[in-house]
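# Tertiary structure, described
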Amino acid sequence: MLKRKLKRAGNFAQGLLIIAAVDKIHFQPAQPQHPQLYSYSDTSIVLGDSAMEISDDALVDLPAIELNKFAKAYYNSYLKKKNKLTLSKVQQKSESYFKIIEKVLQAEDLPVQLKYLAVVESKLKPTAVSSAGAAGPWQLMPVTARKMGLIVTKKYDERKLTTKSTRAAAKYLRLLHNQFDDWLLTIAAYNSGPAYVYKAIKKSGSRNFWKLQNFLPAETREHVKKFIAVHYYFEQAGGETTMTKAEWQDYKKQVAALLPADAAQHMAEPLAVKE
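Every chain is numbered on its own, with residues counted from 1 as its sequence reads. Reporting in this predicted model follows two pLDDT cut-offs: at least 70 for local features of residues, and 80 or more for side-chain atom pairs to be given and counted; totals over whole chains, interfaces and linings ignore these cut-offs and use all residues. Hydrogens are left out, water is left out, and the side-chain values use all remaining heavy atoms of the structure.

### Points about the overall build of the protein
Quick note on the threshold: Numbered from the N terminus, helices here are DSSP runs of H or I no shorter than four residues, and strands are runs of E no shorter than two. Burial classes: relative accessible area under 20% of the type maximum marks a residue as buried, over 50% as exposed, and values in between as partly exposed (1.4 Å probe, protein chains only). Two residues form a contact once any of their heavy atoms are found within 4.5 Å. The accessible surface values rely on the Shrake-Rupley method and a 1.4 Å probe; as for residues, cover is taken only from the protein chains in view.
Counting its regular elements, the protein contains eleven helices and six strands. Within the span of the protein, comprising 275 residues, buried residues form 52% of the whole. Intrachain contacts of the protein at a sequence separation of at least 6 include 56% that bridge at least 24 residues. Only carbon and sulfur atoms are counted for the fraction: they give 52% of the accessible area of the protein, which is about 14,000 Å².

As structure tokens, then:
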């Protein structure tokens, strides 16, 4: 069968990467829409880290990626404050920054929606500096930045260079995700450091953010929820990085139930996640 050139729609619903024939489908990421699974002959579909080949020509509607009820409550409260105006202003200037950030995240094989963490950290300002000494769009501390390969001196600070700081942040996020295997815990660790997250896991007896959040520093649990809120504001949908690992696995099971048996089997993976 004829093999067509494929194009990745990386800026779609978080964690849901759809690969489709270029001459068949063109996505407009800025337009919020219900996730759909388009399947054509010789078209690959990628959901998170699970790839599959679909030979069926059917069009399948995917279940909506909803926010956790606690996250949705926070989002509604968050927008009632001045944050909606702030996010609107950030959105107006975000295109050029997002292009740079997305390119780096894609090259590092990370979810492009992690770009919203830079919105939370700095409102995308390369010159942002915190009272604690964090700097740049990703608000990296000097020690972390140097460990991730950046030059940080009084005269020259690569944390304020969008491309280089994004590479360093991506490297650090990957390192944290390798430890926690859960994006909400990864984002928590990015804010507080891994030690606080491990302590929260131990004290709560859970790896579910919503169950351990009160054992985290207040700033850290707020940070994670702000990321979810900003993601939802920009995408009008949740996704892999707004879900616990267990929630993401459950969503993949819902998708698998809608797919042909051979594709669903290809998606299957161990689902044992400690709550």
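### So, the environment of Gln 113
The residue Gln 113 is located in the loop between α2 (83-107) and α3 (115-122) in this model. In this structure, the C-alpha to C-alpha distance between Gln 113 and Gly 239, residues 126 residues apart in sequence, is 8.9 Å.

### Thoughts on the nonpolar core
Here is a general trend for soluble globular proteins: nonpolar side chains tend to be buried in one another's company. Selection rule: Nonpolar cores were defined as sets of buried Ala, Val, Leu, Ile, Met, Phe, Trp, Tyr and Cys residues, with membership established by side-chain atoms within 4.5 Å.
The biggest cluster of nonpolar side chains holds 54 residues, and the ones touching the most others in it are Trp 138, Tyr 190 and Phe 234. Listed by contribution, the elements that provide at least two residues to this core are α1 (69-80), α2, α3, α5 (162-180), α6 (183-192), α7 (194-204), α8 (209-212) and α9 (218-235). The dominant element in this core, judged by the number of residues it contributes, is α9, at eight residues. If near-sequence neighbours (up to four positions away) are discounted, Tyr 190 is found in contact with Leu 117, Glu 121, Trp 138, Leu 140, Ala 169, Tyr 172, Leu 173 and Leu 176. Ranked by size, the runner-up nonpolar core spans seven residues in total, among them Ile 65, Met 243, Trp 248 and Tyr 251.

Note that all results are geometric; they support no functional claim without further evidence.
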